[in-house]
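Architecture at a glance
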Amino acid sequence: MPPRQHVYAAAMSVLTLHPEVVDALATGRAVVALESTILAHGLPPGDNLRVGREIEAVVRAAGAVPATIAVLDGQVRVGLDDAGLERLCDPAADILKLSVRDVGVALALHRDGATTVASTSALAHRAGISVFATGGLGGVHRGAAETFDVSADLGVIARTPVLVVCAGVKSILDVPGTLEYLETLSVPVLGYRTDAFPGFYLSDSGYAAPWRVDSPTQAAAIVRARELLGGEEAGVVLANPLPLDRQVDPQLHDRLVADGLEMLAAEGIHGKDVTPALLAYFHEHSDGESLRANVELVLANARLAAEVAVELAALRTGS
Ligand code: PSU
Ligand code: MN
């Protein structure tokens, strides 16, 4: 147990914003929240730090301030310095995977952790950030009718007004089930320059996107319209596909998915370990292809999120 004063200190000041993020928010400049689970648990050590830095650089190049979110030293950090990023990506650092329900527990027990789409969205909103970039959204798992495995990402987006830029959901999930669930939860889903809902490694999941937008300005206008409309608690999903010539070969993809699902069953993997275990399996069995696609789509999402955040900042100030 940490000493009692740590618990009190944590309760007093748990949200630590990087000065650059504070400055950007105070002056109405564009900020993009970035998740950390993808770095600590979604990408292999050795690649994760380089990619984490690249994601931030892409956001900056598009004119926004990056705010990678994680829990370190009993504090929620919104915007990391390079030392923070290094710790997060260090396989020896014992970084937990924290969904929304875990954040308060980790703070009180003084544990370090990476935040998922769910917890990053919730914390970004609390910090006053409304645009967030990630790789893939969690969703309804195949067989969820028996296992009840539905990512907390969906329920949290339904009550958190943040725009989540992602590449759709992986086809290891129940894609139509996930789209149905987002409809039930009243979360708008926008395809970016596509009529198809993207399938993460694949440009097209085989299912339609409910709406299509063709520019960052349109996406920002939707967020702004919902703000002005008021009473809107839900977030928005902006689904950005990999270009067709950059997707994973569908045959390789189908083999990976089938083998990955078999591996899960054989190893008896459940709960929060499912997504990281599958990602690691794909990275190890695709000769670098799944990693290549994963990195490209995250960088593309970060760029798009920054472009939307810049447009949104302009709309809000009326410039
Ligand atoms: N998709 C990826 N890489 C990831 C994740 C999703 O391509 O690392 C992470 C995200 O943080 C997402 C989480 O919120 O997995 C979903 O986990 P679960 O299915 O346990 O809710
Ligand atoms: Mn799950």
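Residues numbered from 1 in each chain as written. Chains lettered and ligands numbered in written order. Predicted model: local features only at pLDDT ≥ 70, side-chain atom pairs only at ≥ 80, totals over all residues. Heavy atoms only, no water.

**Focus on the overall build of the protein**
Counting its secondary structure elements, the protein contains 14 helices and 13 strands. In terms of overall size, the protein behaves like a compact globule, its C-alpha atoms giving a radius of gyration of 18 Å where 319 residues would be expected to give roughly 20 Å. With the C-alpha coordinates aligned to their principal axes, the bounding extent of the protein is approximately 50 × 50 × 35 Å. Residues classed as buried in the protein amount to 54% of the 319 residues present. About 13800 Å² of surface is accessible on the protein, with carbon and sulfur atoms providing 54% of the total. Side chains of the protein give 24 positive and 39 negative charges; the mean places of these two sets differ by 6 Å. (Helix = DSSP H or I, 4+ residues; strand = E, 2+ residues; numbered from the N terminus. Rg over C-alpha atoms; globule rule 2.2 N^0.38 Å. Buried < 20%, exposed > 50% of the residue type's maximum accessible area, 1.4 Å probe, protein only. Areas by Shrake-Rupley, 256 points an atom, 1.4 Å probe, with all protein chains shown as cover. Lys, Arg positive; Asp, Glu negative; His and termini not counted. Charge placed at Lys NZ, Arg CZ, Asp CG, Glu CD.)

**Examining the pattern of salt bridges**
This structure, assessed with the given rule, holds 18 salt bridges. A salt bridge links R316 to E227; the shortest N-O distance between them is 2.4 Å. Within this pair, whereas R316 is found in helix α14 (residues 289-317), its partner E227 is found in helix α11 (residues 216-229), the two being separated by 89 residues in sequence. Judged by its relative accessible area of 37%, R316 is partly exposed. Residue classification places E227 among the partly exposed positions, given a relative accessible area of 32%. (Salt bridge = Lys/Arg side-chain N within 4 Å of Asp/Glu carboxyl O.)

**Here's the deal with empty space enclosed by the protein**
Across all of its chains, the model carries 1 cavity of 30 Å³ or more by this definition. If you add up the space inside the largest cavity, you get close to 60 Å³. Around the largest cavity, the lining residues are L34, E35, I38, L39, G52, I55, T68, A133, T134 and V298. Those elements that place two or more of their residues in the lining of the largest cavity are α3 (37-42) and α4 (48-61). Of the residues belonging to the lining of the largest cavity, the class tally is 6 nonpolar, 3 polar and 1 charged. (1 Å grid on protein atoms, 1.4 Å probe; cavity = no way out; pocket = protein on both sides within 12 Å on 5 of 7 lines; lining within 4 Å. Points joined across faces, edges and corners; volume = space filled by probe spheres on them. Nonpolar A, V, L, I, M, F, W, Y, C, P; charged D, E, K, R; others polar.)

**Here we look at α11**
Taking 1.5 Å of rise per residue, 14 residues should cover 20 Å, and α11 covers 20 Å from first to last C-alpha, within 8% of that figure. Where α11 is concerned, the buried positions are P216, A219, A220, V223 and R226. In an axial view of α11, the angular spread of the buried residues amounts to 125°, which keeps them on one side of the axis. Opposite the buried face of α11, at more than 90 degrees from it, the exposed residues are L228 and L229. (Expected span 1.5 Å × (residues − 1). Arc of directions from axis to C-beta.)

**Observations regarding the site of ligand 1**
Inspection of the region around ligand 1 gives 16 residues, with E35, K97, V117, S151 and D153 positioned closest. Between an oxygen atom of ligand 1 and a side-chain N or O atom of S151, the distance comes to 2.7 Å. For ligand 1, whose accessible area on its own is 470 Å², the fraction buried by protein is 93%. When atoms are counted within 2 Å of each cavity's grid points, the one that captures over half of ligand 1 is the largest pocket. At the level of secondary structure, the elements contributing two or more residues to the shell around ligand 1 comprise α3 and α13 (274-285). Here the shell around ligand 1 gets 3 residues from one element, more than from any other, and that element is α3. Looking at side-chain class alone, the shell around ligand 1 contains 4 nonpolar, 7 polar and 5 charged residues. (Near = heavy atom within 4 Å. Polar contact = N/O pair within 3.5 Å; in protein donor to acceptor, adjacent residues only side chain to side chain. Sits in = over half its atoms within 2 Å of the grid points.)

**Some words on the environment of A234**
As for its position among the elements, A234 is in the loop between α11 and β13 (236-239). Here A234 falls in the buried class, since its relative accessible area comes to 6%.

**What about the environment of L190?**
Mapped onto the elements, L190 comes out in strand β9 (residues 189-192). Apart from residues lying up to four places away in sequence, L190 is in contact with W211, V213, I222, V236, V237, L238 and A239. (Contact = heavy atoms within 4.5 Å.)

**Observations concerning the pairing of β13**
Alternating residues of β13 divide into V236 and L238 and V237 and A239, and every residue in both groups is buried. As paired elements, strand β8 (residues 163-166) and β13 share 4 bridges and run parallel to each other. Looking across to β13, one finds that C166 is bridged to A239. (Pairing = 2+ DSSP bridges.)

**Thoughts on unusual backbone geometry**
Positive phi is not limited to glycine here, since D73 has a value of about 55°. Position of D73 among the secondary structure elements: in the loop between β3 (65-72) and β4 (75-78). Positioned with a positive phi, D287 is a non-glycine residue whose angle comes to about 55°. Within the element layout of this structure, D287 appears in the loop between α13 and α14.

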